[in-house]
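Here's the letter readout for the chains.
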Amino acid sequence: MILHTLKIIWTERKVNIWILIELILVFCIMWFCVDYIYFLAKKYIEPEGFDIEQVYAINLGIKDEGQSVINSDDEEKKAELFENIWTIFDRIKAYPEIENACISSAAVPHSGSWMSREFFIDTVIDYPQKKSVTPEFFDVFGINMEKGKSFSGDNMNEAVVSGDVDNILLKKSVFQIDTINYGDHNSQDYLRLKVTGVANKSKRSQFDAYNTMVYIPLRRDEGDLLYTPSIEISVRVKPGTTKGFEERFSKNMQEQIAVGPYFLSSVQSFRDIRSNYIKWNGWDNNLKSIYSISAFLLINIFLAVVGTFWFRIQSRRSEIGLRIALGASHSRVKRLFMTETLILLFLASIIATVICINVTLVDVLKDIGVPSINREWNPIHISQYFINYGLTFIILAVIAIAAVWYPAKRASKIQPAIALRDE
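Residues numbered from 1 in each chain as written. Predicted model: local features only at pLDDT ≥ 70, side-chain atom pairs only at ≥ 80, totals over all residues. Heavy atoms only, no water.

(A) Local environment of the pattern of salt bridges. Evaluated as defined, the whole model comprises seven salt bridges. Where Arg-236 meets Asp-51, a salt bridge forms, and the shortest distance between an N and an O atom there is 3.6 Å. Placement of the pair is Arg-236 in strand β15 (residues 232-237) and Asp-51 in the loop between α2 (13-45) and β1 (55-62), with a sequence separation of 185 residues. You can call Asp-51 partly exposed: its relative accessible area is 31%. For Glu-97, the salt bridge is made with Arg-248, and the minimal N-O distance between the two is 2.9 Å. Placement of Glu-97 in the loop between α4 (75-93) and β2 (98-105) and of Arg-248 in helix α6 (residues 245-257) is noted, with a sequence separation of 151 residues between them. You can call Glu-97 buried: its relative accessible area is 17%. (Salt bridge = Lys/Arg side-chain N within 4 Å of Asp/Glu carboxyl O. Helix = DSSP H or I, 4+ residues; strand = E, 2+ residues; numbered from the N terminus. Buried < 20%, exposed > 50% of the residue type's maximum accessible area, 1.4 Å probe, protein only.)

Structure follows, in structure tokens:
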């Protein structure tokens, strides 16, 4: 039946070439919609590597006189500011509803803050994300140790590493790391850090890739701590205290946190921070765009296929009538049109796949502003091409069969005498 259908397609090639072009275009558009949605769905279900439930950010503000001290060369007054920050931190930790608290710099998840520094072992050099944290950071964000333990914070020459099993930084398993060098490899002015533990791999945010990270102890006089946007105070609250925590904490701790030029600016849950980060990165708008394009595309594909095959079937009434007159069953006539549709789709899919792979390799969509995956951070594997092809073909095949079913059903019920008389 397939060979017979191929002969019919070739005979009707003048009409079928336009249908083929239409299906190629539709397949290409649907391919990239499927690719993007599959990528986001896969990222969504991947473990983030941390837990932000019941975790809040305590944001500080600073008065103008404090800002003047930061901008000055008065080291004595700057030292007072450091003490003010740690006094505030101690008071926050003592709040009855807080289970644990930490201070960090460029370390919290769902944040636009990022710090990368040179780390190396022997001649292998990389620039992973550097996170300066207090030891409580791992408990606050529920980051587990896969090997060893967290640093104590008393020894500044310790570190915790995190990454995939095949660590890009060291070209070997992270479980084999004992020490790591921090600083310029071209000079002797670098630190040799003892690796006390290996943390589970984690992301910057939900839709990001897993990063290679190095956690180091936060110094009490860390320069970034003077700048309020860089002061990351995070707290995990006790179970059952999340409802209304922001309001209660702000009311009860407003005066206690007002130490020196610092004051309590806001309290924000990391659930809200995550939502804002996703919007800031454009994931939210991109998802809406892709969903809208996909829905619009599916509806138009359905209507286009219905219209196209309705017209083709009407133009072939005499052929259908003759087939029925010669003994073809109604089900055979329906199968003929459905097989013809699937063969056209298959031929279009082969051509479209070649186009899509080449478009992906040269990253054209990014250049023209179409929402697409950043392949620099998320390189595509061969298996993804098969997944994209399979899902796209199945979706379009279901739509095509559903669209051609009714015209084919009507065609199979044509009376031979009427069809031949019309001709």
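(B) View of the pairing of strand β7 (residues 158-162). Burial runs high along β7: five of the five residues are buried. Burial of the side chains of β7 extends over both faces: Glu-158, Val-160 and Ser-162 are buried on one face and Ala-159 and Val-161 on the other. Where β7 meets strand β11 (residues 190-199), five bridges bridge the pair, whose relative direction is parallel. By the bridge assignment for β11, Val-161 is matched with Val-198. Here β7 runs beside strand β14 (residues 213-217); their pairing, made up of three bridges, is antiparallel. (Pairing = 2+ DSSP bridges.)

(C) Structural context of the packing of aromatic side chains. Overall, the coordinates contain 16 aromatic pairs when judged by the stated rule. Relative to Phe-151, the ring of Phe-138 has its centre 5.8 Å away and its plane inclined at 75°; by these criteria the two rings are edge-to-face. Of this pair, Phe-138 sits in helix α5 (residues 137-140) while Phe-151 sits in the loop between β6 (145-148) and β7, and the two are 13 residues apart along the sequence. By the burial criterion, Phe-138 is buried, and Phe-151 matches it. Aromatic pair Phe-245 and Phe-249: ring centres 5.5 Å apart, planes at 35°, arrangement tilted. Of this pair, Phe-245 and Phe-249 both sit in helix α6, four residues apart, which is roughly one turn of the helix. When its relative accessible area of 0% is taken as the criterion, Phe-249 is described as buried. Taken together, the ring pairs in this structure connect Phe-137, Phe-138, Phe-141, Phe-151, Tyr-215 and Phe-270 into an aromatic cluster. Between the NZ or CZ atom of Lys-201 and the centre of the ring of Tyr-210, over which it lies, the distance is 4.5 Å. The cationic tip of Lys-203 hangs over the ring face of Tyr-210; the distance from NZ or CZ to the ring centre is 5.3 Å. (Phe/Tyr/Trp six-rings, centres within 6.5 Å; stacked < 30°, edge-to-face > 60°. Lys NZ or Arg CZ within 6 Å of the ring centre and 35° of its normal.)

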